[in-house]
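What follows is each chain in one-letter form.
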Amino acid sequence: MGPDDISPEVKQAGIAGLLGMMGMAVKIILTDEKLSIGKVCANLFAAMAVAVLSGFALEEYVHNKKMLWALNGLSGYMALHIIAWAESAVKARLSGELKKVEKAAGITKKPNGKRPAKKKR
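None of these values were measured; they are calculated from a predicted model. (Residues numbered from 1 in each chain as written. Predicted model: local features only at pLDDT ≥ 70, side-chain atom pairs only at ≥ 80, totals over all residues. Heavy atoms only, no water.)

Caption draft 1: Structural context of the overall build of the protein. Scanning the protein for helices and strands turns up four helices and zero strands. The linear arrangement of helices and strands in the protein, starting from the amino end, is α-α-α-α. Per-residue burial over the protein gives 21% buried out of 121 residues. Considering only intrachain contacts with a sequence separation of at least 6, the fraction spanning at least 24 residues in the protein is 67%. Carbon and sulfur atoms form 66% of the exposed surface of the protein, whose accessible area is close to 9,900 Å². (Helix = DSSP H or I, 4+ residues; strand = E, 2+ residues; numbered from the N terminus. Buried < 20%, exposed > 50% of the residue type's maximum accessible area, 1.4 Å probe, protein only. Contact = heavy atoms within 4.5 Å. Areas by Shrake-Rupley, 256 points an atom, 1.4 Å probe, with all protein chains shown as cover.)

The following block contains the structure:
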């Protein structure tokens, strides 16, 4: 097994993952926040995953390899923000779909069963 046996997609994913991890490593080094080893590893893994996925998504639009590598590093640096944005977008989408289904089914939310508090004089 030699370097020619590895598919270009795997090579691209490896490069993107390394660049994303380097971007997150820079962010970790520059922060004043104290991080445990587990948190550092989780951040590096998240940066690698985000950089790989964004690398595959951007490959169709960015034809300059150096620009693509720079964007992979940037996506690794911003990985936690990208994950938070994606999570909020999915949550909003799912809650919107759930509201549509509840409305179509005629399901209404019940109050929590508590009486309103009386005003004290």
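Caption draft 2: Helix 2 (residues 37–58), seen in detail. In this model helix 2 runs 31 Å from its N-terminal to its C-terminal C-alpha over 22 residues, within 8% of the 32 Å that 1.5 Å per residue would give. Regarding helix 2, the residues found buried are Asn43, Leu44, Ala46, Ala47, Val50, Ala51, Val52, Ser54 and Gly55. Along its buried surface, helix 2 packs onto helix 1 (8–30), helix 3 (65–77) and helix 4 (79–105). (Expected span 1.5 Å × (residues − 1).)

Caption draft 3: Main features of the packing of helix 2 against helix 3. The contact between helix 2 and helix 3 brings their axes to 8 Å, and the two run at 145°. Of the two possible hands of crossing, helix 2 and helix 3 adopt the one that is right-handed. Here Ala47, Val50, Ala51, Ser54, Gly55 and Leu58 of helix 2 lie close against helix 3, whose contacting residues are Leu68, Leu71, Asn72, Ser75 and Gly76. Of the residues belonging to the contact of helix 2 with helix 3, the class tally is six nonpolar, five polar and no charged. (Axes fitted to C-alpha atoms, helices over the stretch in contact; angles between N-to-C directions. Left-handed = near helix turned anticlockwise from the far one by under 90°. Nonpolar A, V, L, I, M, F, W, Y, C, P; charged D, E, K, R; others polar.)

Caption draft 4: Structural context of helix 4. Between its first and last C-alpha atoms helix 4 spans 38 Å; for 27 residues at 1.5 Å apiece the expected length is 39 Å, and the two agree. In the stretch just after helix 4, Gly106 is the one whose phi turns positive, near 80°.

Caption draft 5: Representation of the packing of helix 1 against helix 2 in the model. The interhelical angle for the contact between helix 1 and helix 2, taken along N-to-C directions, is 135°, at an axis separation of 7 Å. When the axis of helix 1 is compared with that of helix 2, the two are oblique. Handedness of the crossing formed by helix 1 with helix 2: right-handed. Listed contacts from helix 2 to Glu9, Gln12, Ala13, Ala16, Gly17, Gly20, Met21, Met24, Ala25 and Ile28 of helix 1 are Val40, Asn43, Leu44, Ala47, Met48, Ala51, Val52 and Phe56. Class assignment for the residues of the contact of helix 1 with helix 2 results in 13 nonpolar, four polar and one charged. (Parallel < 35°, antiparallel > 145°, perpendicular 65-115°, else oblique.)

Caption draft 6: Quick peek at the packing of aromatic side chains. A full pass over the atoms with the stated rule returns zero aromatic pairs. Here Lys27 stacks its cationic end above the ring of Tyr77, 5.4 Å away from the centre of that ring. (Phe/Tyr/Trp six-rings, centres within 6.5 Å; stacked < 30°, edge-to-face > 60°. Lys NZ or Arg CZ within 6 Å of the ring centre and 35° of its normal.)

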